[in-house]
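Analysis of the macromolecular model
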Amino acid sequence: MCGIVGYIGSKPAVDILLEGLTNLEYRGYDSAGIAVEVDNKVELYKAEGKLQNLKDIVNKNYTHIAKSTIGIGHIRWATHGVPNTVNAHPHSCNCGRVAVVHNGIIENYKELKAKLEKQGCTFRSQTDTETVAHLVASEYAKCGDLTEAVRLATKQIEGAYALCVIHQDVKDTIVATRRNAPLLVGIGEKEYYVASDVPAIIQYTKKAMYLDDNQIVTLTPDSMKLIDIENNSLEQKIEHLPWEPIALSKMGYKHFMLKEIHEQPDVVRNVLSGKLRAIDEPVCLKEVTLDREKLKKLNRIQIVACGTSLHAALVGKYIIEDFCGIAVDVEPSSEYIYRRTITDENTLVIGVSQSGETADTITAVRLAKKKGSHILIVTNRPDSTMAREADSLVPVNAGIEVSVAATKSYMAQLISFYLLAIYMAEVKESIAKEKLEELKHELIILPQKIEKVLSHKENIQACAKKFSGSKDFVFIARGINYPTALEGALKLKEISYINATGYPAGELKHGPIAMLDESMPVLSILMSGKVYEKILSNSEEAKARNARMIALTDSTDPKLNELFDSTIRVPEICELLSPALAVVPLQLLAYYIAEFLGKDVDQPRNLAKSVTVE
Ligand code: F6R
């Protein structure tokens, strides 16, 4: 959600902070700020709006600010308090000696604030974070040690936090800590970096230490000390970051979203690599640690996820039920929690998340874990908080996804579900070998089919231009492509702000059809298979209400030209795998519509890439 960066070493901190914030900008961006120590004083620079506004302020004072070799920075996605300069981080105490940046939510901030006000603290902002600055200052005044002050402060805090703190009286020191929000330390030569996510630091170092909940790290230019909240010294586990800085370049594309859509053929190849070796060999999913006998006896699976990951889960339900005959329930994580959820040790619970940091999904899988379920996590971030909850961890290997709108990670999740369903079907021997071999063959040739769609974009661009003036959009489909309709609608909403809804085509006549008239485009996902004729009939019903009809199809039937005003064609594909192909033109359609409308494609308003609050 928000992003944190910190630096301590011998280089101008400001350059590293601004570069790091630029690479985190996709996480949230309604205001930003930095705190640096210059001439023995902590100085704050903050600005509302895009990061460029902060850069403009910094540039005016650059020579002065660049003297500092220690600093912390933050990019904010507002939770408590409107996005403005006062509410932007870093926050400070009465005397301005402490500076704090924070991701997460301090749940008991009202009680803490009341207590601190009684002690004479004056609050300037409406944020929960400011309580931490006052709390640390107050504890420091008593103990005279910054690490101890942070430790005592965190003992009083309830909620989620990743925190970075500096204090004017404690030269060349950053103290950082976390609970239920990600934070890592990058290790250089006599320098350290702190970040809420890898993109902020990957161009400087690949050596890092991830903090666990309730750990506190104290950094100076030549030392790193790690303790827990009870003040016990801890061993430092240094890891090698498996990312390349190149992932943060647009590689000549106008937007990250377009680049990431084009990466999908390779993403499919990556996900299949080493797991699907030949069509007559069983899928190899060593990551699934659930005992084969237990797997055979499973009679229920629950999948929890949010947004685009939820749509991938819905496709997963369809294929697992079809291949394995196991009942699968899919639920938005936020609905799974805070009710009597029926799950036990005989239920497999799958959490799906690109970021692995989505708070609702983390809470949901923790709940299921407490009830004894085997937890299988499908994530693009094996280094994430959710991954640490996994009994089985299935990494999806899509590479860093920068665009807020998920595209390649969705593709990777879909392919992971195909592999998982085939793996389970092979263990259970629940489906004919020939059917599995046909699907494996289709999976292997899928990248070429996606490449074909990507090399014939003109039709999609023309369609985008034609319909970019529409205020509303309806996407219809049935069966395994109903989630594709939901995903197409979500992509369009997210980046163009056009009101778009995905419906099961058969549901249209039960209410939504009342909305249709000559101003409403209806996009029918008409992929060959069981429900093709049914969707065709539902499209006729929409056409009879004068809707503007668009077909997305792998059929070459010339009759479609009479029914549809525009047709987007994709190569023929088997029905079971069709969601992985049909989604690509919908991503492109959303992209080009947003482009025509001049929207900020990679950083749509109000959104954040990883949603670390419930
Ligand atoms: C849509 C999108 C969001 C995420 C959702 C879950 O393009 O990006 O809907 O899919 O916030 O995020 P993860 O997958 O990180 O749990």
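Residues numbered from 1 in each chain as written. Predicted model: local features only at pLDDT ≥ 70, side-chain atom pairs only at ≥ 80, totals over all residues. Heavy atoms only, no water.

Now for the overall build of the protein. Within the protein, the secondary structure is distributed over 19 helices and 24 strands. For a compact globule of 614 residues, the expected C-alpha radius of gyration is about 25 Å, and the protein comes in at 26 Å, within 12% of that figure. Based on the C-alpha atoms only, the size of the protein along its principal axes is roughly 80 × 55 × 45 Å. For the protein, long-range pairs separated by at least 24 residues make up 72% of all intrachain contacts whose partners lie at least 6 apart in sequence. (Helix = DSSP H or I, 4+ residues; strand = E, 2+ residues; numbered from the N terminus. Rg over C-alpha atoms; globule rule 2.2 N^0.38 Å. Contact = heavy atoms within 4.5 Å.)

Formed by 99 residues in total, the largest nonpolar core has its most connected members in Ile301, Phe323, Ile350, Ile415 and Tyr418. When residues of this core are assigned to their parent elements, the largest contribution, 15 residues, is made by helix H13 (residues 408-428). Domain assignment of the residues forming this core places at least three in each of domain 2 (256-446) and domain 3 (458-596). With residues near it in sequence (within four places) discarded, Ile301 still touches Ile320, Ile326, Ala327, Val328, Asp329, Thr347, Leu348, Ile350 and Met424. (Core = buried A, V, L, I, M, F, W, Y, C linked by side-chain atoms within 4.5 Å. Buried < 20%, exposed > 50% of the residue type's maximum accessible area, 1.4 Å probe, protein only. Domains from an automatic or database assignment.)

It is worth spelling out the sheet that holds strand E9 (residues 184-187) at this point. Taken together, the eight strands give an open sheet; going across it, the order is E3-E2-E4-E1-E10-E9-E11-E14, and neighbouring strands pair in antiparallel fashion. Lying at the two open borders of the sheet, with one neighbouring strand each, are strand E3 (41-48) and strand E14 (239-240). Sheet topology places strand E1 (residues 3-8) next to strand E10 (residues 192-195); four bridges connect them, and they run antiparallel. Each residue of the ladder has a partner; that of Gly6, found in E10, is Val194. Sheet strands in contact with helix H1 (residues 13-24) are E1, strand E2 (31-38), strand E4 (70-76) and E10, and its direction is about 155 degrees off that of E1. (Pairing = 2+ DSSP bridges. Axes fitted to C-alpha atoms, helices over the stretch in contact; angles between N-to-C directions.)

Let's shift gears to the site of the ligand. Residues in close proximity to the ligand total 13 residues, the closest being Ser309, Ser353, Gln354, Ser355 and Thr358. At a separation of 2.9 Å, an oxygen atom of the ligand approaches a polar backbone atom of Ala406. Within the contact set of the ligand, an oxygen atom lies 2.8 Å away from a side-chain nitrogen or oxygen of Glu494. Residue assignment for the shell around the ligand shows that the elements contributing at least two residues are helix H10 (307-324) and helix H16 (482-496). Here the shell around the ligand is built from residues that sort into four nonpolar, seven polar and two charged. (Near = heavy atom within 4 Å. Polar contact = N/O pair within 3.5 Å; in protein donor to acceptor, adjacent residues only side chain to side chain. Nonpolar A, V, L, I, M, F, W, Y, C, P; charged D, E, K, R; others polar.)

Right, let's talk about the packing of H13 against helix H14 (residues 433-455) for a bit. Between H13 and H14, the shortest axis-to-axis distance is 11 Å and the interhelical angle comes to 165 degrees. Between H13 and H14, the crossing angle belongs to the class labelled roughly antiparallel. Pair H13 / H14 crosses with left-handed handedness. The residues of H14 that touch H13, namely those facing Met411, Ile415, Tyr418, Ile422, Ala425 and Glu426, are Leu436, Leu439, Lys440, Leu443, Leu446 and Ile450. For the contact of H13 with H14, the per-class residue count stands at ten nonpolar, no polar and two charged. (Parallel < 35°, antiparallel > 145°, perpendicular 65-115°, else oblique. Left-handed = near helix turned anticlockwise from the far one by under 90°.)

Attention shifts here to helix H17 (residues 532-543). Between the first and last C-alpha of H17 there are 16 Å, a value that for twelve residues agrees with the 16 Å anticipated at 1.5 Å per step. Those residues of H17 not exposed but buried are Tyr532, Ile535, Leu536, Asn538, Ser539 and Ala542. The arc that holds every buried residue of H17, seen down its axis, measures 165 degrees, which confines them to one face. Seen from the open side of H17, the exposed residues pointing more than 90 degrees away from its buried face are Glu533 and Lys534. (Expected span 1.5 Å × (residues − 1). Arc of directions from axis to C-beta.)

Within the open sheet, the six strands sit side by side as E5-E6-E7-E8-E12-E13. Their pairing is antiparallel. Edge positions in the sheet fall to strand E5 (91-92) and strand E13 (223-228), since each of these pairs with one other strand and no more. Note: E5 against strand E6 (residues 98-106), two bridges, orientation antiparallel. Within the sheet, the bridge partner assigned to Ser92 lies in E6 and is Ala99. Of the strands in this sheet, E5, E6 and strand E7 (159-167) are in contact with helix H5 (residues 129-143), which crosses E6 at around 130 degrees.

Partitioning the protein into domains gives domain 1 (3-248), domain 2 (256-446) and domain 3 (458-596). Centre-to-centre, using C-alpha coordinates, domain 1 lies 35 Å away from domain 2. Roughly 1,300 Å² is buried in total at the junction of domain 1 and domain 2, and carbon and sulfur atoms are behind 54% of that figure. In this structure, the connection of domain 1 to domain 2 is made through two salt bridges. Its salt-bridge partner being Asp212, residue Arg388 comes within 2.6 Å of it at the nearest N-O pair. The interface formed by domain 1 and domain 2 holds four residue pairs in polar contact (both at pLDDT 80 or more) in total. A class-by-class count of the residues in the side of domain 1 that touches domain 2 yields eleven nonpolar, one polar and four charged. (Buried area = accessible area lost by both parts, 1.4 Å probe. Salt bridge = Lys/Arg side-chain N within 4 Å of Asp/Glu carboxyl O.)

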